[in-house]
Amino acid sequence: MNKIVQALSRAAMMMLTPRVWALIWRPALIALLGWVIIGGAIWWGFGEDIFIWLTAVQNRWAFGESWMNQALNWAMQGGLWLGVGLLWILLVVLSSMLLISVFGMSRINRAVAERFFPTLQAKGGLTTWHSIKNTTAWTFWFAFFWIISTPAYLLAGLGAVIQTGVMARYNQKVFALDALAEHADAHEYAVITQERNGALFVLGLVITLMGALPTFVWMGSIIGVVLLPLTAVFSVLTFTALFTFCGLAYSCYCLQALHDHRAVQHELLLQSVLKDN
C-alpha cells in the first residue's frame, strides 16, 4: 500500500508542471474538434432524418394532453437529447483516452523516468503496436461492459459498483503495459503484472473513485443538465486530466516496481557469482 501512496503522491507533484498540462489539453482539444466536425457533418447530412426519428420516438411514447402529461412529454424529449449529449461526451472522452494512451504515454514515461529514475535502462521490449492493440482491445471491452451494465443502476445502484470495477480493470490493463513499454522487456512485464496484479487493480480503483466525484457533482445536479455544453467541456477536461494522472501514477508505480525487480535480480546474480567463486 505504501508503494501505491508513493506513486499517487509523485503523480500529484508531476500534475503541477506545465509539461504535463500540455499533455492534457492537446488530446482533449483534438478530440473535441474532431467530434464537433463529425457531429456537424452527420447533422448536416442526416439531421432532418434524425430529428424525424426522434420525434417519432417521442410521439410513440407521448402521454395525454393535460398539463401533467405535457410536462412528462417535455421531460422525455429532454431526456432523449440529454442521452445524445452524453453519448457525444463518451465518444470524446474515449477518443482523448486513446490519444493519450497511444501518443502521450511515452512522453509521460520519459518525464517520470527523468525525474525519479534517471539511471533506469530502457530496453524497449514492447513495441508501439503492442500498445495500440492492447489499448484498442481494452477500450472496446470497456465500452461494451459499461453499456451493458448501465441497466444495473435500477438494482439499488449496482451499476455504479460494476462500472467502477470495469473502469479500474481498464486502467490496470491499459496503463500497466503503456507504463512499462519503453523500459521493460516482455519477461519483466509478465513478471511485474503477475506479481503486482492486486496492487495494480487497487491503484486503478483508487483513481476511478477519485474521478467519480466531479462527474456526480456536475451530471447529478440541475445546473449540470442546464449548462450541458459547459458541462461537456468540463467533463472532457476532467476525464482527460484524470487519465493523464492515471498514466503518471501507473508510470511511477510500474517503473518503481521495475527498478525494485532489477535490483533484486542484480542482487541474486551477485550472490550467485560470489557463491561460485
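The shown structure was predicted, so the numbers you read here are calculated from the model rather than taken from an experiment.

(A) Up close: the packing of helix α4 (residues 128-148) against helix α5 (residues 158-180). Two numbers describe how α4 lies on α5: the axes approach to 9 Å, and their chain directions differ by 180°. Here α4 is positioned roughly antiparallel relative to α5, judged by the angle of their axes. Together, His-130, Ser-131, Asn-134, Thr-135, Trp-138, Thr-139, Trp-141, Phe-142, Phe-145 and Trp-146 of α4 and Gln-163, Val-166, Met-167, Arg-169, Tyr-170, Lys-173, Val-174, Leu-177 and Asp-178 of α5 make up the contact between the two elements. Per-class residue counts for the contact of α4 with α5 are 10 nonpolar, six polar and three charged.

(B) How the structure looks around the pattern of salt bridges. All chains considered together, the criterion is met by five salt bridges. A salt bridge links Asp-260 to Lys-3, with the shortest nitrogen-to-oxygen separation between them at 3.4 Å. With Asp-260 in helix α9 (residues 228-276) and Lys-3 in helix α1 (residues 2-14), this residue pair connects regions lying 257 residues apart in the sequence. Given a relative accessible area of 36%, Lys-3 falls into the partly exposed group. As a salt-bridge pair, Asp-185 and Lys-123 come within 3.7 Å of each other at their nearest N and O atoms. Here the residue Asp-185 occupies a position in the loop between α5 and α6 (186-195), and Lys-123 occupies one in the loop between α3 (67-116) and α4, the gap between them amounting to 62 residues. Residue classification places Lys-123 among the partly exposed positions, given a relative accessible area of 40%.

(C) Spatial organisation of the environment of Ala-152. With respect to the element layout, Ala-152 can be found in the loop between α4 and α5. Sequence separation between Ala-152 and Gln-163 is 11 residues, and the spatial gap between their C-alpha atoms is 9.5 Å.

(D) Structural detail: α6. Along α6, the residues classified as buried are Glu-188, Tyr-189, Val-191, Ile-192 and Thr-193. For α6, the N-terminal cap is Asp-185; the gap from its side-chain oxygen to the backbone nitrogen of His-187 is 3.2 Å.

Cut-offs and rules
Residues numbered from 1 in each chain as written. Predicted model: local features only at pLDDT ≥ 70, side-chain atom pairs only at ≥ 80, totals over all residues. Heavy atoms only, no water. Axes fitted to C-alpha atoms, helices over the stretch in contact; angles between N-to-C directions. Helix = DSSP H or I, 4+ residues; strand = E, 2+ residues; numbered from the N terminus. Parallel < 35°, antiparallel > 145°, perpendicular 65-115°, else oblique. Contact = heavy atoms within 4.5 Å. Nonpolar A, V, L, I, M, F, W, Y, C, P; charged D, E, K, R; others polar. Salt bridge = Lys/Arg side-chain N within 4 Å of Asp/Glu carboxyl O. Buried < 20%, exposed > 50% of the residue type's maximum accessible area, 1.4 Å probe, protein only. Polar contact = N/O pair within 3.5 Å; in protein donor to acceptor, adjacent residues only side chain to side chain.

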